[in-house]
Amino acid sequence: MDFAWSQQQLEQKAAAIAFAKKVLCADVSEHDRNEIFSHDRWKQCAEFGVLGLSFPESYGGTGADILTTMLIMEGLGYGGKDNGLLFAINAQMWAVQHPILTFGTEVQKARYLPRLIAGELIGAHGISEPDSGSDAYSLRTRATQVDGGYRLSGAKMFVTNAPVADLAIVFASTAPEKGSWGVSAFLIERGTPGFTFGKNIEKMGLRTAPMGELILQDCFVPEENRLGPEGIGAHIFNSSMEWERACILGSYVGVMEQQLEQCVSYARSRKQFGQPIGKFQSISNRVATMKVRLETARLLLYQTAWLKKQGKPAQMEAAMAKLYLSEVFVESSMDAMRVHGGYGYTTELGIERDLRDALGGIFYSGTSDIQRNIIARHLGL
């Protein structure tokens, strides 16, 4: 594995940092406090090319390889402050665009991908239900085949982007007796009769990324809107989750690097008992541990991206990256707050927002315990 970056790649990361500082920093505290999703910033990210990273140029993408994509995401996290918006963008890229690219018909890809990548459409991915979270395939949402398509009834919960989505991938059981082999996926557009979007669900962190319900009441979906063959919904879901777990936390590596630099600077300048606080081992050891976490997380991210670039299986590595990155982001946010003391607890500094945003990572895309189960299964346990 060679993680040496070309000059062009480093320039792309620098451009991402500059863009994020310009677009993804202003009024973030206000947006977070009032749970404001910025359509304008979403569109600006699309125009910069973020939504098209790693997608073919024929659909409006940049054609970047997945390692370069992660480097750019790292730059966006380092330069920006809006973790929620970046999370919402990642959720669309890996859980909506990639399934369409991988499993969609040519008609579906041509119809949706260019508009999603251009920021004209916002996508959502609906599998979790009020009674099925980690047990992803115990779905109560049903899809009954009728002339020309299917009728869907059920509800999806905790769906990122749902309140603002124009398009959703919805998973439903077409053959409940077959369990996971009886799950199918459907592409449903806003405005489809019987398909409604619940209100925004207020949450602790990632408050600039809207979350809500998808409600289906005798909703007719034409057969041409089924994503992939009937009964491969579990395969589609697992594929999208492998991409999502591998990539959705890429920007957090950049945030952790920015946190570390902020802590080093503060530990050098803040004085107590006649010396910089960085001279106290309780502070310096904490900052050193932040550095170790950062570099370990970065290597796990790059390793997983390298495997994906090579076209190799990466389910276990994606689970390890998701597990480790999500948990160390929480730990490093806590340490950053401790280093800054009372100032770290204030809203103005932004560390408390990072901590609240970080906590969501141990739940979405599969909880930390689910990631451990995946890793254990690959070890033969």
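Further up the page is the structure itself.
Okay, so let's go over this structure.

What counts, and at which threshold
Residues numbered from 1 in each chain as written. Predicted model: local features only at pLDDT ≥ 70, side-chain atom pairs only at ≥ 80, totals over all residues. Heavy atoms only, no water. Core = buried A, V, L, I, M, F, W, Y, C linked by side-chain atoms within 4.5 Å. Buried < 20%, exposed > 50% of the residue type's maximum accessible area, 1.4 Å probe, protein only. Helix = DSSP H or I, 4+ residues; strand = E, 2+ residues; numbered from the N terminus. Phe/Tyr/Trp six-rings, centres within 6.5 Å; stacked < 30°, edge-to-face > 60°. Disulfide = S-S within 2.5 Å. Arc of directions from axis to C-beta. Axes fitted to C-alpha atoms, helices over the stretch in contact; angles between N-to-C directions. Parallel < 35°, antiparallel > 145°, perpendicular 65-115°, else oblique. Left-handed = near helix turned anticlockwise from the far one by under 90°. Contact = heavy atoms within 4.5 Å. Nonpolar A, V, L, I, M, F, W, Y, C, P; charged D, E, K, R; others polar. Salt bridge = Lys/Arg side-chain N within 4 Å of Asp/Glu carboxyl O.

**As for the nonpolar core**
So, point 1. Grouped together as the largest cluster of nonpolar side chains are 91 residues, with contacts concentrated most on I100 and F171.
So, point 2. For this core, the element with the most residues is helix α5 (residues 83–103), which contributes eleven residues.
So, point 3. One finds Y150, A165, C219 and V221 within the second-largest nonpolar core, a separate group that totals 18 residues.

**Topic: the packing of aromatic side chains**
So, point 1. The final tally for this structure, using the stated rule, is twelve aromatic pairs.
So, point 2. A ring pair is formed by F171 and F237, whose centres lie 6.0 Å apart and whose planes are at 80°; its orientation type is edge-to-face. With F171 in strand β4 (residues 167–173) and F237 in helix α7 (residues 233–247), this residue pair connects regions lying 66 residues apart in the sequence. Grouping residues by exposure puts F171 and F237 together as buried.
So, point 3. Ring geometry for F273 against F280: centres 6.3 Å apart, planes inclined by 80°, an arrangement best described as edge-to-face.

**Comments concerning the state of the cysteines**
So, point 1. Considering all chains together, one arrives at zero disulfides under this definition.
So, point 2. No disulfide involves C45; its sulfur sits 11 Å from that of C25, the nearest cysteine.
So, point 3. C247 carries a free sulfur, and the closest cysteine sulfur to it, the one in C45, is 17 Å from it.

**Let's talk about helix α12 (residues 368–378)**
Each α-helix winds once per 3.6 residues, and so residues spaced three or four apart point in a common direction.
So, point 1. What α12 keeps buried is the set S368, Q371, I374 and I375. Down the axis, α12 shows its buried residues gathered within 115° of arc, on one side only.
So, point 2. Positioned one or two residues after α12, G380 has a phi angle of 90°, which is positive.

**Digging into the packing of helix α3 (residues 39–48) against α5**
So, point 1. α5 packs onto α3 with a crossing angle of 55° between their chain directions and a minimal axis gap of 11 Å. Our classification of the angle between α3 and α5 gives oblique. By crossing handedness, the relation of α3 to α5 is classed as right-handed. Mapping the contact onto sequence places R41, W42 and C45 in α3 and L85, A88, I89 and Q92 in α5.
So, point 2. The residue inventory of the contact of α3 with α5, partitioned by class, reads five nonpolar, one polar and one charged.

**Let's talk about the pattern of salt bridges**
Should their charged atoms come close, side chains of opposite charge can pair.
So, point 1. Within this structure, the stated rule accounts for 22 salt bridges.
So, point 2. R151 is the salt-bridge partner of D218, the closest N and O atoms lying 3.9 Å from each other. You can see D218 sitting in strand β7 (residues 211–222) and its partner R151 sitting in strand β3 (residues 149–160), a full 67 residues away along the chain.
So, point 3. The exposure class of R151 is partly exposed, given its relative accessible area of 33%.
So, point 4. A salt bridge links K308 to E242; the shortest N-O distance between them is 3.0 Å. On the criterion of sequence distance, the pair formed by K308 in helix α9 (residues 281–309) and E242 in helix α7 is long-range, its members being 66 residues apart.
So, point 5. With relative accessibility at 15%, the residue E242 sits in the buried group.
So, point 6. The structure contains a network of salt bridges with shared partners spanning K13, E74, E257, K291, E295 and R298.

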